[in-house]
Amino acid sequence: MSEENGSANALVSKDKTGDTMKSLLDNFEGDDDRKSWASFQERIAKAPQQVLRYCRNGSTKPLWPMSSGRPSKPDIPTCTYCQGPLCFEFQILPQLLFYFNVKNDVDSLDWATVAVYTCEASCEGTLAYKQEYAWVQLSSQSVTVS
Ligand SMILES: [Zn+2]
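Residues numbered from 1 in each chain as written. Predicted model: local features only at pLDDT ≥ 70, side-chain atom pairs only at ≥ 80, totals over all residues. Heavy atoms only, no water.

In the annotation of an unreviewed UniProt entry, the protein chain is listed under the name Programmed cell death protein 2 and assigned to Morella rubra.

K.L.:
What should I look at first to understand the coordination of the zinc ion in this one?
P.N.:
Ideal donor angles around a metal are set by the shape: a four-donor tetrahedron calls for 109.5 degrees, a six-donor octahedron for 90 or 180 degrees. Around the zinc ion, the donor atoms from the protein are Cys79 (SG), Cys82 (SG), Cys119 (SG) and Cys123 (SG), and they sit 2.1 to 2.4 Å away. The coordination sphere of the zinc ion comprises four donor atoms, whose angles at the metal cover 105 to 116 degrees; the geometry is tetrahedral. Sequence spacing among the residues donating to the zinc ion works out to C-x2-C-x36-C-x3-C. Taken together, the positions of Cys82 in the loop between strand 1 (52-54) and strand 2 (86-92) and Cys123 in the loop between strand 3 (113-119) and strand 4 (133-137) put the pair 41 residues apart, joining distant regions of the chain. For Cys82, a relative accessible area of 36% translates into the label partly exposed. You can call Cys123 buried: its relative accessible area is 15%. (Donors = N, O, S within 2.8 Å, 3.2 Å for Na, K, Ca; no water. Tetrahedral: all angles 85-135°; square planar, octahedral: opposite > 155°, others 65-115°. Helix = DSSP H or I, 4+ residues; strand = E, 2+ residues; numbered from the N terminus. Buried < 20%, exposed > 50% of the residue type's maximum accessible area, 1.4 Å probe, protein only.)

K.L.:
How should the nonpolar core be read in this particular structure?
P.N.:
Grouped together as the largest cluster of nonpolar side chains are 12 residues: Cys55, Trp64, Ile76, Cys79, Leu86, Phe88, Ala115, Tyr117, Cys119, Cys123, Tyr133 and Trp135. Of all the secondary structure elements, the ones that give two or more residues to this core are strand 2, strand 3 and strand 4. Residues within four places of Ile76 in sequence aside, it is in contact with Pro71, Leu86, Tyr117 and Tyr133. (Core = buried A, V, L, I, M, F, W, Y, C linked by side-chain atoms within 4.5 Å. Contact = heavy atoms within 4.5 Å.)

K.L.:
It is not clear to me how the side chain of Ser36 should be interpreted in this structure. Could you clarify?
P.N.:
Structurally, the position occupied by Ser36 is in helix 3 (residues 31-44). Residue class for Ser36 comes out buried when judged on its relative accessible area of 9%. A distance of 3.4 Å separates a polar atom in the side chain of Ser36 from the backbone nitrogen of Ser67. Filtering out sequence-adjacent residues up to four positions away, Ser36 remains in contact with Trp64, Pro65, Met66, Ser67 and Arg70. (Polar contact = N/O pair within 3.5 Å; in protein donor to acceptor, adjacent residues only side chain to side chain.)

K.L.:
Explain the confidence of the model for the protein chain to me, please; I cannot follow it from the model alone.
P.N.:
Should pLDDT be low for a region, the predicted coordinates there are not to be read in detail. Per-residue confidence for the protein chain gives a mean pLDDT of 79; residues scoring 70 or more make up 73%. Contacts for the low-pLDDT stretch residues 1-13, under 50 throughout, to residues beyond four places or in other chains number six contacts. (pLDDT = per-residue confidence, 0-100.)

K.L.:
Would you mind going over the pairing of strand 2 with me for this structure?
P.N.:
Two faces, one strand: in a regular strand the side chains alternate between the faces of the sheet. Counting buried positions along strand 2 gives six out of seven residues, so the element sits mostly inside the fold. In this sheet, strand 2 lies alongside strand 1 in antiparallel orientation, the contact comprising three bridges. In the sheet register, Tyr54 faces strand 2, and the bridge partner there is Phe90. Sheet topology note: the strand 2/strand 3 ladder contains six bridges and is antiparallel. If you follow Phe90 over to strand 3, its bridge partner there is Val116. (Pairing = 2+ DSSP bridges.)

K.L.:
Got a minute to help me understand unusual backbone geometry in this structure?
P.N.:
Glycine aside, a negative phi is what most residues show, and trans is what most peptide bonds show. Backbone geometry at Asn101 places phi at a positive 60 degrees, although glycine is not the residue there. For Asn101, a relative accessible area of 58% puts it in the exposed group.

K.L.:
Help me understand the pairing of strand 4, please; the structure alone is not making it clear to me.
P.N.:
When you tally the buried positions in strand 4, you get five out of five residues, the bulk of the element. Here strand 3 pairs with strand 4 via five bridges, running antiparallel. For Ala115, the partnering residue across the bridge sits in strand 4 and is Trp135.

K.L.:
What exactly am I supposed to notice about the side chain of Gln50 here?
P.N.:
As for its placement among the helices and strands, Gln50 is situated in the loop between helix 3 and strand 1. Residue Gln50 is classed as buried on the basis of its relative accessible area, which comes to 16%. Among all residues touching Gln50, those that are not within four sequence positions of it are Arg43, Ile44, Leu93 and Gln95.

Printed below as a string of structure tokens:
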């Protein structure tokens, strides 16, 4: 028997991912957030195992699970290296919390989504590691890390 055929799909049941999504929903209070979350789930349901969404052509916007806690334009800084604009590159979805085996405790790792912004000009290609910008939308409030 080969283990090569074992994929994430085989290891994780949709029901379990659904539980993670539902427990996030329980945290919401506002109608706008609930509405936003519902349409977010509708989009995600087309590929329920996805944990990352990539910006394909530079015009894709993050799919925000909630209406509150989104960054506005001034919230996104300019590139640390060339001072040019940053653009949305990819976002991490809450389903990843399930794959990380994050427990549902008060101080557990948690996010509704994490949107990562990178230099539009992809400058400083010689550096192995670059500082990028991440916007974290939490299910109750929002904070930023970089
Ligand atoms: Zn740059």
